[in-house]
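Breakdown of the fold
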Amino acid sequence: MPDLIEKNVPAQGAAGSAEPKPEKPRSLGLDAWHDLRKRPVFIISAALIVLLVAFAIAPSLFTSVDPRAGDLQHHYLTKPNYLHFFQADWFGYDGQGRSIYARMIYGARASVVVGICVTAGVTVLGGLAGMAAGYYGGWVDTVISRVTDMFFGIPLLLGALVVLNAFTTRTVWSVVFALVALGWTQMTRVMRGSVITVKQSDFVTAARALGAGTGRIMFKHILPNAIAPVIVVATIALGGYIATEATLSFLGIGLQDPTISWGIDINSAQKVIRTAPFALFFPAGMLSVTVLAFIMLGDAVRDALDPKLR
Amino acid sequence: MPACTRVRWAVVSATSVALMATGCGGGGGSGSGPSDASKTFTYQSSEPQNPLQPANANETGGGRIVQNLFKGLADYDPSNGKLRMQAADKIDSSDAQTYNVTLKSGWTFHDGTAVTAKSFVDAWNWAANTKNNQINSSWFADIQGYSDVHPSSGNPTTDTMSGLTVQDDTHFTIKLNNKVSYFPYKLGYVAFSPLPEGFYKDPAGYGQKPVGNGPYQFVSWDHNSQVVTKTFANYQGVDKPKNGGVVFKMYTTAEAAYADLQSNNLDVMDQVPPSALANYKNDLGDRAIDAPQGAIQNVGFTLYQPDWQGADKAKVRQGLSMAIDRNTITKTVLQGSRAPASAWVAEGVEGYKAGTCGDFCTYNVDKAKQLIQEGGGVPGNSLKITYNADGGHKEWVDAVCNSIRQATGVNCAGDPKTDFKTARAAITGHQINGMFRTGWVQDYPLNANFLADVYRTGAASNDTGYSSPEFDKLASEADQAASIQDTATGYQKAEEQLANDMPAIPLWYYRTNSGYSTKVQNVAFDSFGNPAWTQVEVKS
């Protein structure tokens, strides 16, 4: 509750002690950041995510090979040459004679875009719905909660299969749409619970007594104090959305060629697993590392944001 | 032969010396030894969908069994696909519309009753009748009076087709609606089999315990497990069985069958599973089978869309065909399970002529680019190949697209539809624009089947909307030819027209990739992908 309880952490750090400065009041966010940057789990996962985002933004920095160019005649399932760092044949070639390394790099874009956009979408949509339900209560809460319950009854994967089947050509955006449409309820529940708790705080009553309007109370006073659990859930869920996208693509109902997706590559590699296990290993490994990085990040953020766990 | 090297390490023990002698002696399975004509062999099959009635089996599970229990007027020689007479002594016609059938005498059903002209005519009338709901009833559509017993809606007005007349016990005539010079070729299909008198009293019961006139007679049907047959002693056909019978073992996965084959628990396989394609020739040595099949894979164009009309666009299509590296794709992605196509008729079919497609089916990047440019380019410079995602086509569609994209710069991508039904609906409903996966599996091994039924204007399977007056003219001329030989030659001329118009690009021919155990020999497969059952010899 940063607005009220301002922690006065004594400056006892090694650097701080030499030259005592007037301690600035720290917000919960700043506090969490100070805590986070000391955690190895956070540092590792953040580094991985920075690398992934770099793959997604500028894949051509990492490889000059066209990930869609296949040379069946010379490179059909050619074995990897692990000493050829950052070259086309580093991780070998797949069943279409395409460089697995290049496809691994280019595949990051779809995963990162789906992960980030779906998370942003569900946080905004679910957050707003949850805030309305928690703040207004009454029939608004009843309606929103029942709708949430209804959506909760649909398994994410099954629902996404049905929704995506309706698209004749599927791009990253259709997958984002399907996952947001089915995933927002999770955030609604978290936000609603959090808002109900915060709403009863004294500072909200105080703000209301001072004559603050609904909008001001909701966005200036309640939101900053209720958002922490949503951020934690969203960060952890991000990895899950990436895995779901890969699952859908693996099943042939997610992304389509020409989009490059690890899920598609895993699917095509499983048919040649006896002769070319490396074709499966690298996209699958990359997917695992990505999902792991986001889940680890979510864990670290949760530990940092939740004072009870310190 | 890896199996031999594996055994060699254990040669110290006396038992494994014996193993080596049986497993590897005489070069695996091909070495011909003495055979025992009373022994049965097992064949990989699947549970029949329908009762075992000859006109009610168009899936492989039931079809294979039925064609061993029944024998019609004629069948196809497994070695060359040519029509050969069986129950018929001769089938002749002066005008290709009325056929006179003369039966051989001495043929009997498994229950001892004689096979007469009436056995055929009654069976055909029964099978064609709407009331009896036989899957293959449309095969009789050429015969005069078919529409009376099988109206497109409502009840039949009569029970007999007017085109069929019994003269005496060994003679009957077939009158057709139109001239079809290759009609005898259709008669080789199992739907044209005769039925014994007893059948009509209890068709359903006969479907469970069929009585036929074929080389094998029914013994037992243990549902979802096996169908047992034994050799019919009084079989009069030209292909007298060299074994004691066939046991059709039901398998739900090809992987399980392949494992059984390797451990000698299964004698002859249907088709090796895709996962074993890369290794089966090493695993089985000279017991591996790699034979042509009467089936072809094509990609068709949506000629009904304005984008693909006009004489220039034929050049674009020819160019696209030259941008596909068939040789490499069949060797790598398809693991040798297909052979590059050079014509629109599959290999091994009567009237097949290699190279009809000519240079247009040969990979040539420069010529491909030039032709596409001359034809005004691919509309929008992008192209989609629609296919069904449930048939294992993704790999080769992607490979074809990669080949086209890299050779010509046309932005090609696969367009998978969830399943076969959805893909067919999009293709026949004209909802797509570009290319689509298509293909043809022979109904009977004659080139007319690959051409007339697919490329003639308005033909039932003409998915491309191709309509060429020239092709139609040559096809009808061929239909009215005096002999099957002339028909085949006539259709070869019509096929040449396809190279000019390129309504569909021939990609490759299917092959039978199979194998057999060490217990049998003399196993050969026909163009339907079936072994020549009666010729299989079981080692004594």
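Anything mentioned here points back to the structure above.
Read on for a plain summary of the structure.

Thresholds applied
- Residues numbered from 1 in each chain as written.
- Chains lettered and ligands numbered in written order.
- Predicted model: local features only at pLDDT ≥ 70, side-chain atom pairs only at ≥ 80, totals over all residues.
- Heavy atoms only, no water.
- Helix = DSSP H or I, 4+ residues; strand = E, 2+ residues; numbered from the N terminus.
- Rg over C-alpha atoms; globule rule 2.2 N^0.38 Å.
- Buried < 20%, exposed > 50% of the residue type's maximum accessible area, 1.4 Å probe, protein only.
- Contact = heavy atoms within 4.5 Å.
- Areas by Shrake-Rupley, 256 points an atom, 1.4 Å probe, with all protein chains shown as cover.
- Lys, Arg positive; Asp, Glu negative; His and termini not counted.
- Charge placed at Lys NZ, Arg CZ, Asp CG, Glu CD.
- Pairing = 2+ DSSP bridges.

With that settled, consider the overall build of chain B. Helix and strand counts for chain B come out as 17 helices and 18 strands. Against the globule reference of 24 Å for 540 residues, chain B gives a C-alpha radius of gyration of 25 Å, in line with a compact fold. Counting only C-alpha atoms, chain B reaches 75 × 70 × 40 Å along its principal axes. Here chain B holds 540 residues, and the buried ones make up 57% of them. Expressed as a percentage of contacts within chain B between residues at least 6 apart in sequence, the contacts between residues at least 24 apart total 70%. Of the roughly 21,200 Å² that chain B leaves accessible, carbon and sulfur atoms contribute 49%. Side chains of chain B give 44 positive and 52 negative charges; the mean places of these two sets differ by 4 Å.

Turning our eyes to something else, we now look at the overall build of chain A. Across its full length, chain A holds 12 helices and 0 strands. Tracing chain A from N to C terminus, the helices and strands come up as α-α-α-α-α-α-α-α-α-α-α-α. By its C-alpha atoms, chain A is 75 × 60 × 25 Å across when sized along the principal axes. Counting only residues that meet the buried cut, chain A has 45% of its 310 residues in that class. With an accessible surface of roughly 15,400 Å², chain A has 68% of that area assigned to carbon and sulfur atoms. The averaged location of the 19 negative side-chain charges in chain A is 4 Å from the averaged location of its 25 positive side-chain charges.

As a further point, take the pairing of strand S9 (residues 226-231) of chain B. All names here are of chain B. Where strand S8 (residues 216-222) lies against S9, 6 bridges are found, and the strand directions are antiparallel. Looking across to S9, one finds that Asp 222 is bridged to Gln 226. Hairpin remark: S8 followed by S9, antiparallel, with 3 residues in the connecting loop; positive phi at Asn 224, about 60°. Judged from the 3 bridges that link them, S9 and strand S10 (residues 245-250) form a sheet pairing that is antiparallel.

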